Amino acid sequence: MAKRVSEVSFTVSGLAAPARLDKVLRAQFPRWGRQAVGRVISSRQVKVNQKNVWLASWKVSNGDLIVVAKPPREKPAGPTKFDRRWIISEEQDIIVVNKPAGLRSQATRAGGTDNLLSLAKAQFGEVHLFHRLDRDTSGLCLLTRPGPVNAYLDQAFKQRLVEKEYLAVVAELGSLEEEGIITAGLVTDEKRRDKMRAVLPGERISGMQSAETRYLVRGTVPQGHLVRLWPVTGRTHQLRVHLAAYHAPVIGDRLYGGKPAARLMLHALGLLLPEQGEFPKREYKAAVDWSK
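Description of the structure in this document. (Residues numbered from 1 in each chain as written. Predicted model: local features only at pLDDT ≥ 70, side-chain atom pairs only at ≥ 80, totals over all residues. Heavy atoms only, no water.)

## Observations concerning the pairing of strand E1 (residues 8-11)
Across a regular strand the side chains alternate sides, sitting on one face of the sheet and then on the other.
Logical step 1: Burial along E1 is one-sided: Val8 and Phe10 are buried, and none of Ser9 and Thr11, which face the opposite way, are.
Logical step 2: As defined by bridge partners, E1 adjoins strand E6 (residues 65-68) across four bridges and the pair is classed as antiparallel. Of the residues in E6, the one forming a bridge with Ser9 is Val67. (Buried < 20%, exposed > 50% of the residue type's maximum accessible area, 1.4 Å probe, protein only. Helix = DSSP H or I, 4+ residues; strand = E, 2+ residues; numbered from the N terminus. Pairing = 2+ DSSP bridges.)

## Examining the packing of aromatic side chains
Logical step 1: One pass over the full model with this rule turns up six aromatic pairs.
Logical step 2: Aromatic pair Phe10 and Phe29: ring centres 5.6 Å apart, planes at 75°, arrangement edge-to-face. Remark: Phe29 occurs in the loop between helix H1 (21-28) and helix H2 (34-42) and Phe10 occurs in strand E1; sequence separation between them is 19 residues.
Logical step 3: Phe29 sits in the buried class, given a relative accessible area of 15%. (Phe/Tyr/Trp six-rings, centres within 6.5 Å; stacked < 30°, edge-to-face > 60°.)

## Focus: helix H4 (residues 149-158)
Logical step 1: Every buried residue belonging to H4 is among Val149, Asn150, Tyr152, Leu153 and Ala156, and all of these are buried. Taken end-on, H4 shows its buried residues confined to a sector of 160°, consistent with a single buried face. Turned more than 90 degrees off the buried face of H4, the exposed positions are Ala151 and Lys158.
Logical step 2: Where the residues of H4 are buried, they touch strand E8 (94-99), strand E9 (128-129), strand E10 (138-144), strand E17 (266-273) and strand E18 (282-285). (Arc of directions from axis to C-beta. Contact = heavy atoms within 4.5 Å.)

## A few points about the packing of H1 against H2
Logical step 1: In contact at an axis separation of 10 Å, H1 and H2 are set at 125° when each is read in the N-to-C sense. The orientation of H1 relative to H2 falls into the category oblique. In the packing of H1 onto H2, the handedness of the crossing is right-handed. Within the contact between the two elements, H1 uses Leu21, Asp22, Leu25 and Arg26 and H2 uses Arg34, Val37 and Ile41.
Logical step 2: Class assignment for the residues of the contact of H1 with H2 results in four nonpolar, no polar and three charged. (Axes fitted to C-alpha atoms, helices over the stretch in contact; angles between N-to-C directions. Parallel < 35°, antiparallel > 145°, perpendicular 65-115°, else oblique. Left-handed = near helix turned anticlockwise from the far one by under 90°. Nonpolar A, V, L, I, M, F, W, Y, C, P; charged D, E, K, R; others polar.)

What follows is the structure in structure tokens.
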């Protein structure tokens, strides 16, 4: 675990125009994380030019001195090189990997190479990423080499012929039954553009996306209850939001109210690709180690 330092300070520079305090802190300390930056500001641990500031939207300018009295612990650094131990299957047209939690599937708008696709290109050359996961979700991702397999997979995913199975650990079962189907629609949260929320029965929301998840409560592990999940649709954060809507958020899900943990306990466990033309039916499984 990263060591916590007692105090950090820096002088703001390089801004084209005054900017929000939270954005400046996140740019200066990218491994703190969005929520940690918000907490350190709201808890009055930040001074700008010797003045306590507790608003994330406070504008700072070049030359301002920022002091953070109790900095949060940094998130662990992600991999900088592709690890061949991630490989589940390597064929001529498809490479299936078991992505570790904490590694982005692909680059953000800010760029960078600390993501699966960039690391895989450095290892294999030109490849495409066909099955993406949230940064903190571990498990199966599909990489494809150029060729007919990409058109095949494109149609298979669009026609919902690819069966995806996930495994989650929740602290409480909430409203979940032994098995069932969750059909709550999803919409972008009005307060946070990086977050989704479930649409409540009777709500009329423009831009709502239909979403459906099958689930089966499988048993227990020391951390909580195991839930198998099969997303029928593939919406952003679908599984996390659906479980949270049933009062059973995934352990480690800081965005949707899960019990605190070292990692998000959500894992892409299985993929079943359909038989179509020259392409045979293929099935992949990826074991999970919740300690990683």
